[in-house]
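Geometric and topological summary
Each chain, letter by letter, is given below.
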Amino acid sequence: MGKHWKYFFLLLWISYLLVSGVLLFVRGFLLHRVSLTHKSTCKISNNTCTVGDKPALSNHSDINDGDVPAHCFNSFDSDEETNICVASRAKVILFIIDALRYDFVYFNRSLDDSQVLPYQNKLAVIDELLTHQPNHSKLYKFIADPPTTTMQRLKGITTGSLPTFVDIGSNFATPEINEDNVLDQLRSQNQNIVFLGDDTWTGLFPNRFLRQFAYPSFNVWDLDTVDNGIKKHIINEIQKSDWSFLIAHFLGVDHCGHRYGPQHVEMSRKLQEMNDVIRNVVNTMDDSTMLFVIGDHGMTSHGDHGGDSDDEVSAAMFVHSHKPLVTGDFIPHREVVKQIDLVPTLSTILGLPIPFSNLGSVILDALPSGEDISDQQYVLKALKHNLEQVTSYIHRYSSNKNEFSQEKLTLLNTNFNKLQDQVQNIFDSVKLKYFAVNALEYLMFLRKMCEEVWVEFDPMLMSRGLVITFVTIFFSFLIVDRLPGEVLNTTFLLVGYISMLIAVVVCIVSYNLDLVLNLEQGIYFFTGIVSLFLMSILIIQNWEPIVTTWHNQIKINDWTHVFCRMLVALSLVVMFSNSYVVEEATVLSYLFLSLLWLFVFNLKVSKKETNSRFRSDKSLFGSLNLHLTSSRLKVICLVIGLSFLLRLSHYYWRCREEQSGCESFVTHKPHSSGTFIEGKYRNAECLSTLVFLGMFVSFARIWLRSCGNLVGFSPNIALSRYSPSVIVVCTGGFWILHSLPRDMKLKFFLPWQLQFLPWVIYFVTATAVVIFFIQPLCIYIIPKQKDNLISVYGQENAIPQLFHQVKDMMAKRNKFNKPGKENVGSGDKQFPVIYGLATVYSALFVNLSVFLCLFIALLLGDVLAPSVLLMVTICIGLLVILAVLQCEKSVLTAQLFAVPWSFVVCWGLLSIYFFYGTGHQPTFPSIQWDAAFVGTGGQFSNHIIPALLIGFNTFSSQIIMGLMLPLVLIAPFTLWVMFPKFITANTDIKMEDMRRGEMLLFEKDGLFYRGMFTLCTKYILFHGMRMFTCMFAATIHCRHLMVWKIFAPKLIFEGLGLFVTIPSVLVAYLITIRITSELENLLSRLDKVQR
């Protein structure tokens, strides 16, 4: 096995240890709530209280409270079963209008037509019913519990439980609900359910419905398919009498928000459509039916949801019944209710046991009035049933898991006993209301008690993850720069991988013997322990050279290294502050620019240039001019330019809900949204984006042509010459097609035609990647019969002439292989001239970067696409600066292969910064879901393709900069051969070496692979340190008020960023191996030809 593969497998090993440590921690930090599968039961009681022969407390009784016996109020005999529920009073139609924010329903009469926004005053039928039938209709602010994703909200409104934070990850995989819920209670009572709409329901509740009309839900670009399907069947289903519960889940409003935002005219159309549907249903349903219109969550000003901002959690609930609702002074009125309060309310209306895991409280003034028993008795029974169910659940849950303190359990029992005593002493409506208020306060206390301790952390798993991650980073830090290269020539790697394999086998056997409870966690832990044990032995064996190298590095390090470490420490410390996490984009921008200017002030002046300047001008001005050498002046100009571009990238920042006073400059929505004037502006923005993409492609082509890497007609050259232009044209066509009015698109195009152009881009990009892997060398060999250098592809000898390089290398190889033979360079043999050999490594990375950037620009959309071009431009400028610094401070050629930590930190800070610079934030509402529908139209059989598209969109900076990482090492050689006057040589020996360009990397492959391994390891460790800090911060703040709002999302996004960075870096390393392998084959073939 070659040394390059040994370096790769060592890098892979370190990466695995980091990933396993993170996964162990996450398994302990983001645990699911324990779900109890118990089912509630109750006995229906319709005891009627009479005074003499007259019914007491009936809704039309003329008997006063003072004449009513006490048992008519409490209506519970001591011998009667405690778990009592009331009989059904109505059938229920549940309309779920996805993302129905409260202000979408609230009718503001103070606004005239010119002031009304697209989402305001469109549901006029609700206002009419509230105004003209106030005793039959109620409107509530319906508060959702985060995360505000659809599946978690459906769990809440059917089980009454609080979903945990990690449940958000299963929003696209709908596992069947196994907790007690309203639907299962209906089925157990032999009552039928009809469903129409979002197919998420059929995944959560399979085989529960008498009839179902389910439609795909994930295509957020489709505003009408689901809603039209519901409208087609809804009236016919309502008129049937074989059901007790009908559910209709509309998606058009939510999809309109995702695609256009709430301010778009399409939102007005969808809300008016909902208004017509509600009006038709109200006119169709009979007197024994109630209508509930609810939103499962709200939406932000951009139309997104998933977090816990006010706009996201504030939904609406409207209740209407042809019969009067329960009214009177004996019930407390609420204008704001929790979504989980819907569960006991529906259970009471339908005459069902309240689901066992429910934590909601019954909404008393949303209950229907009836004639079977009085409203007072009805309310009392509903409250008592609710109290007993919630208390029973808390006792059962606490008996299984010791999460609640004994003090709180004692207080709970005391308050419950007080409420039981109150029930026995209710003699009039005043005491009934007092009991109702106390009961609701008690239920609220229980819910808050659960919220405080709901997430069960596993400290053992968390500590294991922290230890493995920290020790891996520490050991790797010791190894990366200081371990002798001869160690890899031993069997250490083989022993390491065999040991991990044995550990996996032992874990599997132990799992089958029930010695290990969780196989996945066992494998992570035991392989990690075995690996770290072997690494510790390696470090102990080589402790002397490690310490010696470390000591020598400390002696030669200057104050810039100390300052760099301070910047890294600052970038890590901010993870512990919620305020700094919120403002991390600003912090990263400041740290990156600070590091750049530090490079300027630390740039050393070559002695040759210093002496010449000092001899020419010894004045005060000359002394000042001495510090402004040509190299320093060039670097200063580049840093100023990068500072300007970085400031320009702030335009694409996205604001968080916590950032008061922050305003996003871009809407992050397609340019087809907005008013006519906004549309004209965005059309101009789209056109400018296409111009920038065209310029980007042109500059890349000019560079490759100047390097000689765009000469010839081989498949890889043809692809790099023509394909980027094709991609830009297809991208522009796709954006233009989707900017057309909806009616025009439906009239002139089929759905597949609208998605054809992205598939062309995907095909061309995939083909280019495959071709570049098969044929990675972008070179052209001039045929022998051409004696003179001729113009090729419009180029007149403008490429680096590498005749002498090939000749010298082949001569050295022949001399080494055949000692005593005459140098082949002195013979009469004709050596070929090869175009592009001096930039053979960088050319492939440039080509791959062009294709990847164009692909990501398509996913980002016309609004955000320029941000990725800004990122690449800043990366190029940074590479030039780092190349100049590396060349200026190196005395020996070998020093060019050792990339310092400060360069790695600078590159890493930029990769993290442009996560924000491409319009992202570590919050779930900021995920750009539109990327999942580019080329798919939302029609796919699984979620792999949309997940990949969203991943490329979200973590584009980590992917691009991970793949471009080798250029940090390659750039000095590229810059020297392309712009030899840009850098001042320190020694004649280095100048002679650097004339070889990037072929020096091939010739000194031992130094090259050692430098690549060191560079890749440092870069991964930089991201690993950030991940460890996030893990540690989440551990410290696990009971912090902002843990689920700030620290946990940051942990998840940082972890995903690490998981994306590692494969990108590994692929980049493999690309260098592939290029070197093909170069070896090329020179071997040329050597055979010359012989």
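Numbering of residues starts from 1 in every chain and runs along the sequence as written. pLDDT decides what is reported in this predicted model: residues at 70 or higher carry local features, side-chain atom pairs at 80 or more are listed and counted, and totals for whole chains, interfaces and linings draw on all residues regardless. As a rule here, side-chain values cover all heavy atoms of the structure and leave hydrogens and water aside.

An unreviewed UniProt entry annotates the protein chain as GPI ethanolamine phosphate transferase 3, catalytic subunit of Gryllus longicercus. UniProt positions are given in the numbering used here, feature names are shortened, and annotations may be inferred rather than shown by experiment. UniProt, in its Pathway (unreviewed entry) section for the protein chain, records the words "Glycolipid biosynthesis; glycosylphosphatidylinositol-anchor biosynthesis." Of the comments in the UniProt record for the protein chain, the one headed Subcellular location (unreviewed entry) reads "Endoplasmic reticulum membrane".

**Some details on the overall build of the protein chain**
From N to C terminus, the protein chain includes 40 helices and 14 strands. Of the contacts made within the protein chain by residues no fewer than 6 positions apart, 80% connect residues no fewer than 24 positions apart. What counts as a helix is a DSSP run of H or I of at least four residues, what counts as a strand is a run of E of at least two, and both are numbered from the N terminus. Pairs of residues are marked as contacts when any of their non-hydrogen atoms sit within 4.5 Å.

**Comments concerning the pairing of strand E6 (residues 137–143)**
Extensive coverage of E6 is indicated by the burial of six of its seven residues. The pairing criterion for strands is at least two bridges between them, as found by DSSP. Sheet topology note: the E6/strand E12 (residues 336–338) ladder contains three bridges and is parallel. Directly across from Ile143, in E12, lies its bridge partner Lys338. Remark: exposure states derive from per-residue accessible area (1.4 Å probe, protein chains only) relative to the maximum for the residue type, with buried under 20%, exposed over 50%, and partly exposed in between.

**Overview of the packing of helix H27 (residues 715–739) against helix H32 (residues 840–889)**
Look at H27 against H32: their axes get within 11 Å of each other, and the N-to-C directions meet at 10°. In terms of orientation, H27 and H32 fall into the roughly parallel class. Counted together, Leu719, Ser720, Ser723, Pro724, Ile727, Val728, Thr731, Phe734 and Trp735 of H27 and Asn847, Val850, Phe851, Leu854, Ala857, Leu858, Gly861, Asp862 and Ala865 of H32 form the full contact between these two elements. Residue composition of the contact of H27 with H32, grouped by class: twelve nonpolar, five polar and one charged. Lines fitted to C-alpha atoms define the axes, with helix axes restricted to the stretch in contact, and inter-axis angles between N-to-C directions lie between 0 and 180 degrees. Note on angle classes: values under 35 degrees are labelled roughly parallel, values over 145 roughly antiparallel, values of 65 to 115 roughly perpendicular, and the remainder oblique. Any residue outside Ala, Val, Leu, Ile, Met, Phe, Trp, Tyr, Cys, Pro, Asp, Glu, Lys and Arg is labelled polar, Gly included; the first ten of those are nonpolar and the last four are charged.

**Topic: the environment of Cys256**
By secondary structure assignment, the location of Cys256 is in helix H9 (residues 252–259). Among the residues examined, Cys256 registers a relative accessible area of 0% and is labelled buried. In this structure, Cys256 is in contact with Leu223, Gly261, Glu266, Met267 and Lys270, ignoring residues within four places of it in sequence.

**Side note on helix H12 (residues 342–350)**
In terms of burial, H12 is largely enclosed, as nine of its nine residues are buried. Within the sequence span of H12, burial applies to Leu342, Val343, Pro344, Thr345, Leu346, Ser347, Thr348, Ile349 and Leu350.

**So, the packing of helix H30 (residues 756–774) against H32**
Running from N to C, H30 and H32 point in directions that differ by 160°, and their axes come no closer than 11 Å. Judged on the interaxial angle alone, H32 and H30 are roughly antiparallel. With respect to the hand of their crossing, H30 and H32 are arranged in left-handed fashion. In contact with Pro758, Ile761, Tyr762, Val764, Thr765, Ala768 and Phe772 of H30, H32 contributes Leu844, Asn847, Leu848, Phe851, Phe855, Leu858 and Leu859. Split into classes, the residues belonging to the contact of H30 with H32 amount to twelve nonpolar, two polar and no charged. Helix crossings are classified by the rotation of the near helix relative to the far one: an anticlockwise turn of less than a right angle makes the crossing left-handed, while a clockwise turn makes it right-handed.

**As for the nonpolar core**
One finds Phe29, Trp907 and Leu1079 to be the most contacted residues of the largest nonpolar core, which totals 201 residues. Leave out the neighbours within four places in its chain, and Trp907 touches Cys875, Leu878, Leu879, Met961, Met964, Leu965, Val968 and Tyr1019. Counting 77 residues, the second-largest nonpolar core is a separate cluster that includes Ile157, Val362, Leu364 and Tyr378. Among the buried residues, those of types Ala, Val, Leu, Ile, Met, Phe, Trp, Tyr and Cys that are joined through side-chain atoms within 4.5 Å form a nonpolar core.

**Re the packing of aromatic side chains**
Within 6.5 Å between ring centres, the rings of Phe, Tyr and Trp (the latter by its six-membered ring) count as paired, and their orientation is classed by plane angle as stacked under 30 degrees, edge-to-face over 60, tilted in between. Using the criterion set out here, one finds 44 aromatic pairs in the structure. Measuring from centroid to centroid gives 5.5 Å for Trp13 and Phe492, while their planes differ by 35°, and the two rings are tilted. Note that Trp13 is positioned in helix H1 (residues 3–29) and Phe492 in helix H17 (residues 492–512), a separation of 479 residues in sequence. Phe492 gets classed as buried once you look at its relative accessible area, which sits at 14%. Ring geometry for Phe915 and Phe955: centres 6.1 Å apart, planes at 20°, overall stacked.

**Concerning the confidence of the model for the protein chain**
In this model, the protein chain carries a mean pLDDT of 81, and residues with pLDDT of at least 70 account for 81%. Mean pLDDT values over the elements of the protein chain span from 42, in helix H24 (residues 620–627), up to 95, in helix H35 (residues 956–963). Taken together, the stretch residues 786–805 has pLDDT below 50 and engages in 41 contacts with residues farther than four places along the chain or on a different chain. Each residue gets a pLDDT score, which is the predictor's confidence in that residue and runs from 0 to 100.

**Focus on the pattern of salt bridges**
A pair is scored as a salt bridge if a Lys or Arg side-chain nitrogen falls within 4 Å of a carboxyl oxygen belonging to Asp or Glu. The final tally for this structure, using the stated rule, is 24 salt bridges. Here Glu584 ties to Arg1026 by a salt bridge, and the two come within 2.6 Å at their closest N and O atoms. Here Glu584, found in helix H22 (residues 584–602), pairs with Arg1026, found in helix H39 (residues 1005–1036); they are 442 residues apart in sequence, far enough to count as distant. Like Glu584, the residue Arg1026 is buried in the burial classification. Overlapping salt bridges, with partners in common, bring together Asp224, Asp227, Lys231, Glu266, Arg269, Lys270 and Glu273 in one network.

**Concerning unusual backbone geometry**
Backbone geometry places Ala99, a non-glycine residue, at a positive phi of 65°. Here Ala99 lies in the loop between strand E5 (91–97) and helix H3 (102–105). For Asn190, which is not a glycine, the phi torsion comes out positive at approximately 60°. Considering the arrangement of structural elements, one finds Asn190 in the loop between helix H6 (182–188) and strand E7 (193–198).

**Details of the sheet that holds strand E8 (residues 211–215)**
Across the sheet, eight strands lie side by side as E8-E7-E9-E5-E10-E11-E6-E12; this open sheet has mixed pairing. The open sheet has two edge strands with one neighbour each: E8 and E12. Between one strand axis and the next, the sheet turns through 20° on average, direction left out of account. Against the sheet, helix H10 (residues 265–284) contacts E5, strand E9 (245–250), strand E10 (289–294) and strand E11 (314–321), and its axis sits at roughly 175° relative to E5.

**Quick word on a nonpolar patch on the surface**
The patches described consist of residues with a relative accessible area above 30% and no salt bridge, like charges being joined within 9 Å and nonpolar side chains (Val, Leu, Ile, Met, Phe, Trp, Tyr) within 5 Å. Calculation of accessible area relied on Shrake-Rupley with a 1.4 Å probe; when residues are assessed, cover is drawn exclusively from the protein chains displayed. Taken together, the side chains of Leu687, Val691, Phe692, Met695, Phe699 and Ile702 present a nonpolar region at the surface, about 590 Å² in accessible area. Classification of Met695 by relative accessible area gives partly exposed; the value is 38%.

**Observations concerning the environment of Asp198**
Looking at the element boundaries, Asp198 is found in strand E7. C-alpha of Asp198 to C-alpha of Asp227: the two residues are 29 residues apart in sequence and 9.1 Å apart in space. Think of a polar contact as two N or O atoms within 3.5 Å of one another; within protein, one of them needs to be a possible hydrogen donor and the other a possible acceptor, and neighboring residues in sequence only count if both atoms come from side chains. A polar contact is formed between the side chain of Asp198 and the side chain of Thr200, at a distance of 2.9 Å.

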